[in-house]
Amino acid sequence: MIECVSVEARVGAFSLRDVTFAVPSGGYGVVIGPAGSGKTTLLEVLGGVIRSTTGTIRLGGRDATRLAPEARRVGLVYQHAYLFPHLSVARNIVYGASGDAGAREIATRLGADRLWARDVQSLSGGERQLVALARALARRPDVLLLDEPFSALDPRRRAHVRREVRAIHRELGMTVLQVTHDFAEAGLLGDVAILLDGGRVLQHGAPDEVFRRPASPYIAEFLGAENVLAGTVMPCDDGGVAGEELAAGGGPGGGAAHASYRALEFRAAGTSLTIVAVGEADPGPGHAVIRAEEIVVSRAPGASSARNSFRGRVIDVATTGALTRVTVDVDGLPLVAALTTRSARELALAPGVDVYASFKAMAVHLC
Amino acid sequence: MADRALYRLASVVTALVASCFLLFLAAPVGQLVSAAGARGLAELGSDPELRDALALTAVTATIATVAGVVGGTPIAYLIARYAFRGRALLAAVLDLPLLIPHPVAGIALLLALGRQSPIGNALLAAGFRISGSRAGIICAMLFVSAPLYLSAAREAFARVDPRYEAVARTLGDPAWRAFRRVTLPLATRGLVAAAVVMWARAVSEFGAIVVLTYNPKVVSVLSYDRFTSYGLPEALPVAAVLVLLALVPLTILRALRYERGAGDF
């Protein structure tokens with residue numbers, strides 16, 4: 001496992017402050033955060049390359065806070081690979097391995113075996129990342145630290161390597177912590193998501209929980225939520241309807257209904273729009289977060305059982321491949337909905353068209 | 001069109017300035033070699049004092065360089081890699097011999113290592129004389145030329161990204177092994193270049209040596225001695241032969257540096 005308790009470290013003017021999180025043994029953690037948030041520094045602190053000034057680091061169940069990097073049994077893969085340029089690909093991969101055969105097997109699984117005889121200088125960025133991954137895995141570490149290890153791979157190879165790394169991780173029982181900018185990758189790979197900004201952990205937990213229930217509007221916006229509305233949270237008298245939704249669909253995030261959740265109303269600032277929500281928020285100023293994929297767009301009212309349904313006018317339609325984002329103006333408030341491009345075509349959505357935007361009370365996260 | 005004309009004019013001016021600079025550096029040496037190079041080479045066969053001076057210069061400069069590399073490499077690595085209190089002061093102190101006029105450096109060495117000094121006296125009692133000996137020549141060469149090695153070696157280590165070493169450490173190497181297997185090979189080209197510069201500077205040293213050890217004579221002292229005793233015509237061949245012979249190892253080492261891929265990171 002990887003466990004950080006109140007870890008602090010300093011690199012020049014930058015500091016990691018009070019970093020606390022845990023990735024269970026054999027788990028796969030993902031670190032997400034904006035550029036300069038300290039993601040790479042965090043991996044280097046875990047790897048022992050940078051010494052923490054305070055706090056405790058436990059790796060594989062033992063206190064590693066003061067251990068030298070070579071004693072931590074970690075593999076560290078940087079985004080820029082850092083292959084040793086004076087050694088061949090083969091010598092890079094076997095560098096820390098106990099035997100050539102095992103190293104070759106890992107290289108084969110990752111598709112790096114075809115590069116075995118190549119010179120490091122002749123490799124592309126993606127090939128370098130493959131070799132760096134093989135080099136770290138060949139040592140069969142207890143903990144694998146990956147800093148955007150797939151960023152230079154083409155989509156097909158990325159999918160393959162991602163699958164193989166996941167499989168090797170399971171087979172070897174390694175605990176992995178991976179830095180990524182790719183939210184889809186974070187959701188796909190991670191058992192634990194750690195959101196880092198300004199050297200601090202803003203939120204950590206199951207990726208679905210972090211994505212669906214961001215702790216602040218800033219986190220919501222960083223995680224790509226298109227609809228983050230400022231306004232006022234108020235108690236709701238009509239708790240029955242929201243209660244029905246809870247009973248029908250489980251709690252927020254698809255889980256079991258939470259006893260403390262109650263129906264609330266949210267009035268968006270500067271509009272007369274009142275949204276029904278379910279949550280734990282205290283009445284007063286707050287934010288409502290609604291993910292675009294939770295909003296259903298229809299041409300007629302009552303097309304959905306959702307508690308929130310508002311009439312509006314399409315002001316923008318943006319298609320990216322199979323997905324179309326439709327912006328609907330509801331009483332001066334732009335709401336972004338994500339539809340399949342096929343649905344958008346069937347509904348003949350275009351700027352100026354009147355539609356209904358609907359979403360469930362449970363789809364509204366108050367923070 | 002105007003941009004292209006301006007670019008051409010700038011190119012011509014740059015080429016002219018560079019040519020003048022090259023001429024300024026090469027002309028005196030070329031003049032010296034053309035005036036006395038052939039005679040100097042001819043005298044090599046007939047002048048045992050010149051042969052001895054050349055051998056002494058080569059050997060002492062090489063020993064001083066080896067001492068500089070062995071002693072200076074860890075210090076250069078320490079300064080390049082680790083941020084510690086007093087790092088800037090240490091680096092400045094190590095650069096200091098570059099600022100001291102070389103005869104003054106010779107006097108300082110004489111004060112520290114001469115017969116009147118506690119160290120010199122103790123060494124003399126142990127049968128080891130510094131001033132007026134080959135050891136004195138080596139000390140003078142080391143003192144004035146080591147700062148050049150240290151400075152260039154520091155840069156060579158600084159150019160190697162510490163993350164290579166970090167990766168090697170996580171792959172199981174203790175600090176010393178990571179240095180030997182990764183950092184040192186990656187810095188080798190820069191270190192060789194630094195050693196070449198140090199060796200060249202040691203070969204050309206005169207001011208500090210002449211104060212510490214006049215005899216036995218290295219080539220620079222022999223050239224000065226012949227100039228003061230017999231005039232310029234006798235000094236020129238000695239100087240010319242030093243230039244010609246120094247050119248050989250310098251060219252070989254520079255060629256190795258440019259031809260080899262290692263270290264070009």
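For clarity, every value in this text was computed on a predicted model and none was experimentally measured.

The next thing to look at is the overall build of chain A. Looking only at helices and strands, one finds 10 helices and 20 strands in chain A. With 367 residues in all, chain A has 52% of them scored as buried. For chain A, the accessible surface area stands at approximately 15000 Å², while carbon and sulfur atoms represent 51% of it.

All names here are of chain A. With antiparallel pairing, 4 strands are arranged side by side in an open sheet as β2-β1-β4-β5. A single partner strand is all that each edge strand has here, and the edge strands are β2 (14–23) and β5 (62–63). Set on the sheet, helix α1 (residues 39–47) makes contact with β1 (2–11), β2 and β4 (54–59); between it and β2 the angle comes to about 70 degrees.

This part takes up the interface of chain B and chain A. In this assembly, 18 residues from chain B lie in contact with 21 residues from chain A. Buried surface at the junction of chain B and chain A, both sides included, amounts to about 1800 Å², of which 66% is carbon and sulfur. By the criterion of area lost to chain A, the three top residues of chain B are B:Arg163, B:Thr170 and B:Leu171, representing 37% of everything that side buries. The tally of links between chain B and chain A comes to 2 salt bridges. Put simply, chain B and chain A have 7 residue pairs in polar contact (both at pLDDT 80 or more) between them. Sorting the residues of the side of chain B that touches chain A by element identifies α7 (162–170) and α8 (175–204) of chain B as the ones contributing at least two each. Ranked by the residues each element gives to the side of chain B that touches chain A, the list is headed by α7(B), at 7 residues. Tallied by class, residues from the side of chain B that touches chain A come to 11 nonpolar, 2 polar and 5 charged.

Further remarks concern helix α3 (residues 100–110) of chain A. All names here are of chain A. Among all positions in α3, only Ala103, Ile106, Ala107 and Leu110 are buried. Take α3 and look down its axis: the buried residues cluster within an arc of 100 degrees, on one side only. Contact partners of the buried residues in α3: α2 (89–93), α4 (125–138) and α5 (155–172). A positive phi of about 85 degrees marks Gly111, the residue just after α3.

Residues and elements named next belong to chain A. Viewed as axis vectors pointing N to C, α4 and α5 meet at an angle of 5 degrees, and their least axial separation amounts to 12 Å. Regarding the angle of α4 to α5, the classification is roughly parallel. Together, Leu130, Leu133 and Leu137 of α4 and Arg157, Val161, Val165 and Ile168 of α5 make up the contact between the two elements.

Before going further, it helps to examine a nonpolar patch on the surface. A cluster of nonpolar side chains, B:Leu6, B:Leu9, B:Val13 and B:Val17, forms an exposed patch at the surface whose accessible area comes to about 390 Å². Position of B:Val13 relative to the elements: it lies in helix α1 (residues 2–46).

With that out of the way, let us pick up the packing of aromatic side chains. Enumeration according to the criterion identifies 10 aromatic pairs over all chains in this entry. Judged by centre distance (5.9 Å) and plane angle (45 degrees), the ring pair of A:Phe310 and A:Phe359 falls under tilted. In this pair, A:Phe310 sits in strand β16 (residues 308–320) while A:Phe359 sits in strand β19 (residues 354–359), placing the two residues 49 residues apart along the sequence. When the ring of B:Tyr77 is compared with that of B:Phe179, the centres are 4.8 Å apart and the planes differ by 70 degrees; the resulting orientation is edge-to-face. Of this pair, B:Tyr77 sits in helix α2 (residues 48–81) while B:Phe179 sits in helix α8, placing them 102 residues apart in sequence. On the basis of relative accessible area, B:Tyr77 is assigned to the buried category, the value being 11%. Its relative accessible area of 11% is what places B:Phe179 among the buried residues. Here the guanidinium or amino end of A:Arg104 rests over the ring plane of A:Trp116, the centre of that ring lying 4.3 Å away. Over the ring of A:Phe84 we find A:Arg135; its NZ or CZ atom is 4.6 Å from the centre of that ring.

Scoring rules and cut-offs
Counting from 1, residues in each chain are numbered in the order their sequence is written. Written order determines the labels here, with chains lettered from A and ligands numbered from 1. Since the coordinates come from a predicted model, pLDDT governs what is reported: local features require at least 70, and pairs of side-chain atoms require 80 or more to be given and counted, while whole-chain, interface and lining totals use all residues. Side-chain metrics in this entry use all non-hydrogen atoms of the structure; hydrogen atoms and water are not considered. Under the scheme used here, helices are H or I runs from DSSP no shorter than 4 residues and strands are E runs no shorter than 2 residues, and both carry numbers assigned from the N terminus. For each residue, the accessible area found with a 1.4 Å probe, counting protein chains only, is set against the maximum for its type, and the residue is called buried under 20%, exposed over 50%, and partly exposed in between. Note that accessible areas follow from Shrake-Rupley with a 1.4 Å probe, and for residues the cover is restricted to the protein chains shown. Between any two strands, pairing holds if DSSP finds at least two bridges. Two residues qualify as a contact provided that any one of their heavy atoms is within 4.5 Å of a heavy atom in the partner residue. Throughout, an axis means a line fitted to C-alpha atoms (over the contacting stretch in the case of helices), and angles, computed between N-to-C directions, take values from 0 to 180 degrees. Buried area is calculated as the accessible area (1.4 Å probe) missing from two parts once they are joined, with the contributions of both summed. We define a salt bridge as a contact between a side-chain nitrogen of Lys or Arg and a carboxyl oxygen of Asp or Glu at a distance within 4 Å. Nitrogen and oxygen atoms within 3.5 Å of one another constitute a polar contact, given that in protein one can donate a hydrogen and the other can accept it, and given that sequence-neighbouring residues count only through two side-chain atoms. Residues were grouped as follows: Ala, Val, Leu, Ile, Met, Phe, Trp, Tyr, Cys and Pro as nonpolar; Asp, Glu, Lys and Arg as charged; and all remaining residues, including Gly, as polar. The arc refers to the directions leading from the helix axis to the C-beta atoms. For classification, angles of less than 35 degrees are called roughly parallel, those exceeding 145 degrees roughly antiparallel, those between 65 and 115 degrees roughly perpendicular, and all remaining angles oblique. A patch consists of residues whose relative accessible area exceeds 30% and which take part in no salt bridge; residues with like charges are grouped when within 9 Å of each other, and nonpolar side chains (Val, Leu, Ile, Met, Phe, Trp, Tyr) when within 5 Å. For Phe, Tyr and Trp, rings pair up if their centres lie within 6.5 Å, where Trp contributes its six-membered ring, and each pair is then called stacked (planes under 30 degrees apart), edge-to-face (over 60) or tilted (otherwise). Cation placement over rings: the criterion is NZ of Lys or CZ of Arg within 6 Å of the ring centroid and within 35° of the ring normal.

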